[in-house]
Amino acid sequence: GSREEAAGAWPRTPLAPGEVITAQSGGAFERDPQESSTTDEELNRASSAGNRAGGTTPDYGEQRLPQALIVGVKKGGTRALLEAIRAHPDVRAVGTEPHFFDRNYEKGLEWYRNVMPKTLEGQITMEKTPSYFVTNEAPRRIHSMAKDTKLIVVVRNPVTRAISDYTQTLSKKPDIPTFEVLAFKNRTLGLIDASWSAIRIGIYALHLENWLQYFPLSQILFVSGERLITDPAGEMAKVQDFLGLKRIVTEKHFYFNKTKGFPCLKKPEDSSAPRCLGKSKGRTHPKIDPDVIHRLRKFYKPFNVMFYQMTGQDFQWEQEESDK
């Protein structure tokens, strides 16, 4: 379980000495082998299922390229957001992650369109692939598809996001080194390893720079992963406003599941059992050395402040941590 052996389990982007954090320096994000991946077979199934009388749309309408995308971030709450917005009758979304703008781009827009569900006039087509946010080519590729595409980014305290990311991998690969071992280049000196994807994804300001070269802030909605749990209806109101939809997904769509520790979706007419996220969500995090947490908070703080300035939104992650 040495660090060197562990390197193969995680994509790492080398940082040059004294590297300036710019959009370009976030470049070579490889695919995280631990990330849940969508196979062609699953996408084909999703495509044919989307074309049948699924959800609110009968077997007519046409397949369109998405007008809105949930582009990030991994372990931020994107699945919860997708499930909630799919409760809206004017939204049709792919359940699986197409990974078009990062892994399948060479297959072309026609392939991408064929993965989408059929929609009627006035309905919005959506998909979510959280790895887009950290993929250098994604903003340019999405912009070349449609420069007015609306983008949604679910962000979460980067420290808890990193631990959640590690927890997901640990559930699949119990033999990987500890979080503490992977998080540091040099534990004695307290040097954080920013090339480890679990940590690098949370440097939101770095990735956002890349998107702002192609899209104005007015086309990007930042959703708080924390508020998606504490006030799902409030966050969904913002999402529906942003998408130009009538506020149909409201308080009556949610109830709080004490066992899981987050809200579940229910049909407003109570006609079916509530839909909770699967067992892979809400996993218990391993206990992490408090000193490591403290060092990570210090590491992320300047990037968080930069992110708040860039977005004009204060997510209060520092305040939330001082309350603990």
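Residues numbered from 1 in each chain as written. Predicted model: local features only at pLDDT ≥ 70, side-chain atom pairs only at ≥ 80, totals over all residues. Heavy atoms only, no water.

Labelled according to an unreviewed UniProt entry, the chain appears under the name Sulfotransferase, originating from Galbula dea. Note on the chain: under the UniProt heading Sequence similarities (unreviewed entry), the record states "Belongs to the sulfotransferase 1 family." (UniProt positions renumbered as here; feature names shortened; annotations may be inferred.)

Colleague: I'm lost on the overall build of the chain in this one. Help?
Modeller: For the chain, the count of helices and strands is 13 helices and eleven strands. For the chain, the proportion of its 324 residues judged to be buried stands at 50%. Put simply, the chain shows about 15000 Å² of open surface, and 52% of that area lies on carbon and sulfur atoms. (Helix = DSSP H or I, 4+ residues; strand = E, 2+ residues; numbered from the N terminus. Buried < 20%, exposed > 50% of the residue type's maximum accessible area, 1.4 Å probe, protein only. Areas by Shrake-Rupley, 256 points an atom, 1.4 Å probe, with all protein chains shown as cover.)

Colleague: What should I look at first to understand the sheet that holds strand S6 (residues 150-155) in this one?
Modeller: Think of a sheet as strands paired side by side through backbone hydrogen bonds, with each pair either parallel or antiparallel. An order of S3-S5-S2-S6-S9 is seen for the five strands of this open sheet, with the pairing classed as parallel. Only two strands of the sheet have a single neighbouring strand rather than two, namely strand S3 (91-93) and strand S9 (220-224). Along the sheet, successive strands turn relative to each other by an average axial angle of 25°, direction set aside. In the packing of helix H9 (residues 204-212) onto the sheet, the strands contacted are strand S2 (68-72), S6 and S9, and the crossing angle to S9 comes to about 160°. (Pairing = 2+ DSSP bridges. Axes fitted to C-alpha atoms, helices over the stretch in contact; angles between N-to-C directions. Contact = heavy atoms within 4.5 Å.)

Colleague: What's the story with the pattern of salt bridges in this structure? I'm lost.
Modeller: Side chains carrying opposite charge are able to pair once their charged atoms draw close together. Tallied over the full model, the rule gives 14 salt bridges. Notably, a salt bridge pairs Glu 110 with Arg 113, separated by 3.5 Å at the nearest N-O pair. Taken together, the positions of Glu 110 and Arg 113, both in helix H4 (residues 109-115) and three residues apart, correspond to about one turn of that helix. Using a relative accessible area of 46% as the deciding quantity, one classes Glu 110 as partly exposed. Shared partners join several salt bridges into a network, and the residues in it are Arg 187, Asp 289, Asp 291 and Arg 295. (Salt bridge = Lys/Arg side-chain N within 4 Å of Asp/Glu carboxyl O.)

Colleague: How do you make sense of helix H5 (residues 138-145) when you look at a structure like this?
Modeller: Owing to its 3.6 residues per turn, the α-helix aligns residues three or four sequence positions apart on the same side. All of the buried residues along H5 are Ala 138, Pro 139, Arg 141, Ile 142 and Met 145. The buried residues of H5 occupy an angular sector of 165° when the element is viewed end-on, so they sit on one face. Where H5 is buried, its residues contact S2, H4, S6 and H9. (Arc of directions from axis to C-beta.)

Colleague: Is there a simple way to think about the pairing of S2 in this case?
Modeller: Remark: a regular strand shows side chains that alternate across the two faces of the sheet. Within S2, five of the five residues are buried, which leaves the element mostly enclosed by the surrounding structure. When S2 meets strand S5 (residues 124-128), the two strands line up parallel, connected through three bridges. What sits directly across from Ile 70, in S5, is Lys 128. Relative to S6, S2 runs parallel, the two sharing four bridges. Looking at the pairing, Gly 72 lines up with Val 153 of S6.

Colleague: Would you explain helix H6 (residues 158-172) in this entry?
Modeller: Counted at 1.5 Å a residue, the expected span for H6 with its 15 residues is 21 Å, and the 22 Å between its end C-alpha atoms agrees. Of the positions making up H6, those classed as buried are Pro 158, Val 159, Arg 161, Ala 162, Ile 163, Ser 164, Asp 165, Tyr 166, Thr 167, Gln 168 and Thr 169. The N-capping residue of H6, defined by a side-chain oxygen 2.9 Å from the backbone nitrogen of Val 159, is Asn 157. (Expected span 1.5 Å × (residues − 1). Polar contact = N/O pair within 3.5 Å; in protein donor to acceptor, adjacent residues only side chain to side chain.)

Colleague: Explanation requested: the UniProt feature "active site" (unreviewed entry) in the chain in the structure shown.
Modeller: With numbering matched to this structure, UniProt assigns "active site" (unreviewed entry) to Lys 75. Residue Lys 75 is classed as buried on the basis of its relative accessible area, which comes to 14%.

Colleague: Where do I start with the packing of aromatic side chains in this structure?
Modeller: Here the distance between the centres and the angle between the planes together describe a pair of aromatic rings. Counted according to the given criterion, the structure contains 22 aromatic pairs. Look at Phe 100 and Tyr 112: their rings are 4.3 Å apart centre to centre, the planes differ by 10°, and that puts the pair in the stacked class. Here the residue Phe 100 occupies a position in the loop between S3 and H4, and Tyr 112 occupies one in helix H4, the gap between them amounting to twelve residues. Residue Phe 100 is classed as buried on the basis of its relative accessible area of 0%. Ring centres 5.5 Å apart and planes at 90° place the aromatic pair Phe 222 and Phe 307 in the edge-to-face group. In this pair, Phe 222 is assigned in strand S9 and Phe 307 in helix H12 (residues 290-311), connecting sequence segments 85 residues apart. Here Phe 222 matches Phe 307 in class, with each residue buried. Across from the ring centre of Phe 242, 5.5 Å away, lies the NZ or CZ of Lys 150, which sits over that ring. (Phe/Tyr/Trp six-rings, centres within 6.5 Å; stacked < 30°, edge-to-face > 60°. Lys NZ or Arg CZ within 6 Å of the ring centre and 35° of its normal.)

Colleague: Just checking my understanding: could you explain the packing of helix H3 (residues 78-85) against helix H11 (residues 232-242) for this structure?
Modeller: How two helices sit against one another is set out by the angle between their axes and by the gap between those axes. For the pair H3 and H11, interaxial distance at closest approach is 11 Å and the crossing angle is 65°. One way to sum up the angle between H3 and H11 is to call them roughly perpendicular. Where H3 crosses over H11, the handedness of that crossing is right-handed. Residue-level contacts link Leu 81, Ala 84 and Ile 85 of H3 to Met 236, Val 239 and Gln 240 of H11. Broken down by class, the residue content of the contact of H3 with H11 amounts to five nonpolar, one polar and no charged. (Parallel < 35°, antiparallel > 145°, perpendicular 65-115°, else oblique. Left-handed = near helix turned anticlockwise from the far one by under 90°. Nonpolar A, V, L, I, M, F, W, Y, C, P; charged D, E, K, R; others polar.)

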